[in-house]
Amino acid sequence: MWAAIKQANDGINEKLSRRRVVLCGNPNVGKSTVFNALTKMRQHTGNWPGKTVELASGTCLYKDTLIELVDLPGTYSLFPHSQEESISAQCLMEKAFDLCVIVCDATLLRRNLHLVFQVLELGIPCMIVLNLIDEAKRRQIKIDTQRLASLLGCEVVAVSATHKKSLQALKQAIAEHPLHKNTFSLPYRKEVEEELQVLEVHYPSRFEALAALCDEKSRDLKVLVSQKRLKDKQVGNGYDLVAAAYQEKATQILLQTEQKTDKLPLSKFDRLATHRVYGILLMLVMLFVVFWITMEGANLPSAWLSALFRELEAVLLAGCEKVHMPWLWQSFLVQGIFRTVGWVVSVMLPPMLIFFPLFTFLEDLGYLPRVAFQLDGAFAKSGACGKQALTMCMGFGCNAVGVSGARIIDGRKERELAILTNAFVPCNGRFPTLIALITIFFTTMRHTWIDSVLAALFLCLFILLSIAVTLVINRILSRTLYRDTPASFALELPPYRRPQLLQILVRSFCDRTLKVLGRAVAAAFFGGIFLWVLSNVMVEQQSLFQAAANWLDPFAHLLGMDGVILLAFFLGFPANEIVLPIVMMGYTASGVMMELGSFTLLRELFIANGWTWISALCVMLFSLFHFPCATTLMTIYRESGSKRLTVLAFFIPLCIGVLLCIGVHLLASL
């Protein structure tokens with residue numbers, strides 16, 4: 001990571017002194033806001049050596065010192081429970097940096113001090129940043145930073161990163177820090193100290209011995225013996241004893257450094273958002289509004305992009321004609337690869353440019369944790385946890401993003417359940433199919449506001465169905481494959497904060513839209529090649545595509561579909577966006593993907609090929625419940641490293657989709 005930062009800044013004067021700094025802190029303390037405020041646009045992402053999780057890094061300059069910053073994942077503890085907490089703990093214990101900056105929330109200092117104690121006990125050069133100091137003042141919280149620095153033995157700087165207050169003082173403090181090792185050591189009760197003395201001989205540092213003593217999953221015989229002695233003395237386990245010591249020390253420090261009035265009452269909106277009944281209704285209204293805005297807002301830009309790619313395709317074909325390129329190559333390159341990629345971009349980009357900023361806005365506002373809070377009861381009864389609601393929300397944009405987001409879930413059981421069921425949530429690539437079929441078969445097609453509201457309502461019903469199926473499958477899996485795995489769940493409700501619109505736009509576009517679109521375009525590129533070959537290679541006077549569709553036809557009829565539709569889903573494995581164009585190609589026998597100019601023409605084409613509203617319903621159900629796309633499966637394997645989990649993620653939704661479609665088709669046939 002540090003080598004990558006150095007390479008990115010080779011053009012900067014080599015005479016500058018360099019200082020390697022890591023930012024750590026609890027989630028929701030504004031750590032990334034501090035990082036963004038310091039580095040501005042001088043950022044890039046990369047992997048910490050030996051780690052697969054991407055970390056943000058960047059630089060800032062103070063006089064003749066180049067400060068190289070790495071933003072570690074948010075963590076509550078260096079005794080990790082989740083993958084991201086493990087990454088932060090390992091990076092800090094490796095000590096491959098000059099200075100650790102611990103970012104704390106000035107409004108919730110007690111909670112933050114637990115991590116502060118742990119980092120200080122590592123004996124590394126540290127300083128503390130009290131962020132959100134303006135919000136603390138608004139809540140009538142006063143903190144004596146000088147006294148706090150004296151008690152902790154390290155420098156304390158108060159800032160407001162959101163409003164860019166005291167950032168220059170922070171840069172100066174980082175650049176001029178003496179980099180002396182911290183000597184902070186927390187005294188524990190006698191029984192813990194005795195066991196630490198035994199274990200310290202076998203570990204590089206006192207803190208690592210402490211972490212081992214607190215690890216209830218440790219298989220180290222020496223640690224197990226120490227844990228057994230604590231248990232026999234009936235004083236509690238190591239983790240609880242250490243946590244009690246942290247709590248006692250935090251109380252002592254806060255009594256000397258913090259003055260605050262009684263807790264502010266919940267806001268009226270928070271009372272509504274966390275209400276058992278009205279909170280659910282608010283969540284449904286929010287869901288409807290987000291989808292309605294996304295659907296309505298994406299229509300015109302999608303049409304513009306589609307027209308642009310048609311014109312570019314015509315230009316490319318004319319250019320090929322001028323250079324006398326053989327027709328076969330023209331069709332392969334332009335009508336095969338370029339058309340597939342163009343369709344994916346025109347269909348995916350506009351909804352993502354609307355949905356991701358809306359999602360990021362609700363995330364930064366602090367509303368999404370309230371959604372998780374509302375759904376936690378239902379998810380807990382199904383054997384999962386409320387944080388899965390957050391990964392489901394991410395899946396609306398892209399299932400691959402939802403799978404990556406499962407890192408926030410602490411327990412292995414809950415994390416794997418979230419990964420296995422994330423494909424039940426319709427992603428950005430499946431929305432066009434659902435919206436088109438809802439519009440054609442379940443609205444009047446007069447393009448009035450009533451039709452758009454009806455379409456959004458139908459779409460919300462499908463979303464609720466996907467949530468219900470997710471809960472049922474969670475229940476089944478937690479009673480079978482994950483029966484003996486212990487569950488764990490911790491959820492924080494951060495205060496509402498004013499979102500930073502510029503940061504929302506940059507983060508939603510760079511960190512989400514571009515990454516998702518890039519993966520989809522790469523998958524569509526190779527999918528376009530394969531699709532063109534199937535459609536243009538002839539065997540016994542019919543294309544491979546038609547031969548495969550005819551072979552699938554008997555089974556497809558059991559699902560309420562036909563062979564062309566089922567084959568389109570399999571060929572849409574690289575990117576779900578191309579399923580509907582493949583269906584149209586199969587019906588028109590054109591050999592290349594097509595799009596029709598209106599829903600009216602599309603309706604006529606489908607009805608001419610035997611579609612009814614039952615066919616449309618079965619196709620929508622199968623679109624909702626079938627195997628994840630190639631990008632999502634690759635992400636699942638990359639995140640889990642498990643072939644078993646990847647195979648399960650492929651077959652579980654596929655089996656559910658097959659059973660649902662057969663059931664609906666049989667009921668409709670009665």
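To be clear, the structure that these remarks concern was listed above.
Since the structure is predicted, the reported quantities are computational estimates derived from the model, not experimental observations.

The rules behind each value
Residues numbered from 1 in each chain as written. Predicted model: local features only at pLDDT ≥ 70, side-chain atom pairs only at ≥ 80, totals over all residues. Heavy atoms only, no water. Axes fitted to C-alpha atoms, helices over the stretch in contact; angles between N-to-C directions. Helix = DSSP H or I, 4+ residues; strand = E, 2+ residues; numbered from the N terminus. Parallel < 35°, antiparallel > 145°, perpendicular 65-115°, else oblique. Contact = heavy atoms within 4.5 Å. Nonpolar A, V, L, I, M, F, W, Y, C, P; charged D, E, K, R; others polar. Patch = residues over 30% accessible without salt bridge, like charges linked within 9 Å, V, L, I, M, F, W, Y side chains within 5 Å. Areas by Shrake-Rupley, 256 points an atom, 1.4 Å probe, with all protein chains shown as cover. Salt bridge = Lys/Arg side-chain N within 4 Å of Asp/Glu carboxyl O. Buried < 20%, exposed > 50% of the residue type's maximum accessible area, 1.4 Å probe, protein only.

## Focus on the packing of helix α2 (residues 31–39) against helix α7 (residues 167–175)
Line of reasoning, step 1. In contact at an axis separation of 11 Å, α2 and α7 are set at 85° when each is read in the N-to-C sense. The orientation of α2 relative to α7 falls into the category roughly perpendicular. On α7, the residues that touch Val 34, Ala 37 and Leu 38 of α2 are Leu 167, Leu 170, Lys 171 and Ile 174.
Line of reasoning, step 2. Looking at the contact of α2 with α7, its residues break down into six nonpolar, no polar and one charged.

## Side note on a nonpolar patch on the surface
Line of reasoning, step 1. A cluster of nonpolar side chains, Phe 269, Leu 272, Val 277, Tyr 278, Leu 281, Leu 284, Leu 461 and Leu 464, forms an exposed patch at the surface whose accessible area comes to about 680 Å².
Line of reasoning, step 2. Contributing elements (two or more residues each) for the nonpolar patch: α12 (268–273), α13 (278–322) and α20 (449–479).
Line of reasoning, step 3. Here the nonpolar patch gets three residues from one element, more than from any other, and that element is α13.
Line of reasoning, step 4. With respect to the helices, strands and loops of the structure, Leu 464 is situated in helix α20.
Line of reasoning, step 5. Residue classification places Leu 464 among the partly exposed positions, given a relative accessible area of 34%.

## What to know about unusual backbone geometry
Line of reasoning, step 1. One non-glycine residue, Asn 28, lies in the positive phi region at around 65°.
Line of reasoning, step 2. Checked against the element boundaries, Asn 28 lands in the loop between β1 (17–25) and α2.
Line of reasoning, step 3. Of the residues examined, Asn 28 reaches a relative accessible area of 36% and is grouped as partly exposed.
Line of reasoning, step 4. Phi at His 324 is positive, roughly 60°, even though this residue is not glycine.
Line of reasoning, step 5. Among the structural elements, His 324 can be located in the loop between α13 and α14 (327–365).
Line of reasoning, step 6. On the accessibility criterion, His 324 (71% relative accessible area) is exposed.

## A look at the pattern of salt bridges
Line of reasoning, step 1. Across all of its chains, the model carries 12 salt bridges by this definition.
Line of reasoning, step 2. In this structure, Asp 71 and Lys 31 form a salt bridge, with 2.6 Å as the shortest nitrogen-oxygen distance. Of the two residues, Asp 71 is situated in strand β4 (residues 65–71) and Lys 31 in helix α2; the sequence distance between them amounts to 40 residues. Comparing Asp 71 with Lys 31 shows no difference in burial state: the two are buried.
Line of reasoning, step 3. The partner of Asp 220 in a salt bridge is Lys 222, with the nearest N and O atoms 3.4 Å apart.

## What about helix α27 (residues 630–640)?
Line of reasoning, step 1. When we look at burial in α27, the residues that qualify are Ala 630, Thr 631, Thr 632, Leu 633, Thr 635, Ile 636 and Glu 639.
Line of reasoning, step 2. Positive phi shows up at Gly 641, right after α27, with a value of about 65°.

It is worth stressing that arrangement in space is one thing and function is another; only the former is reported here.
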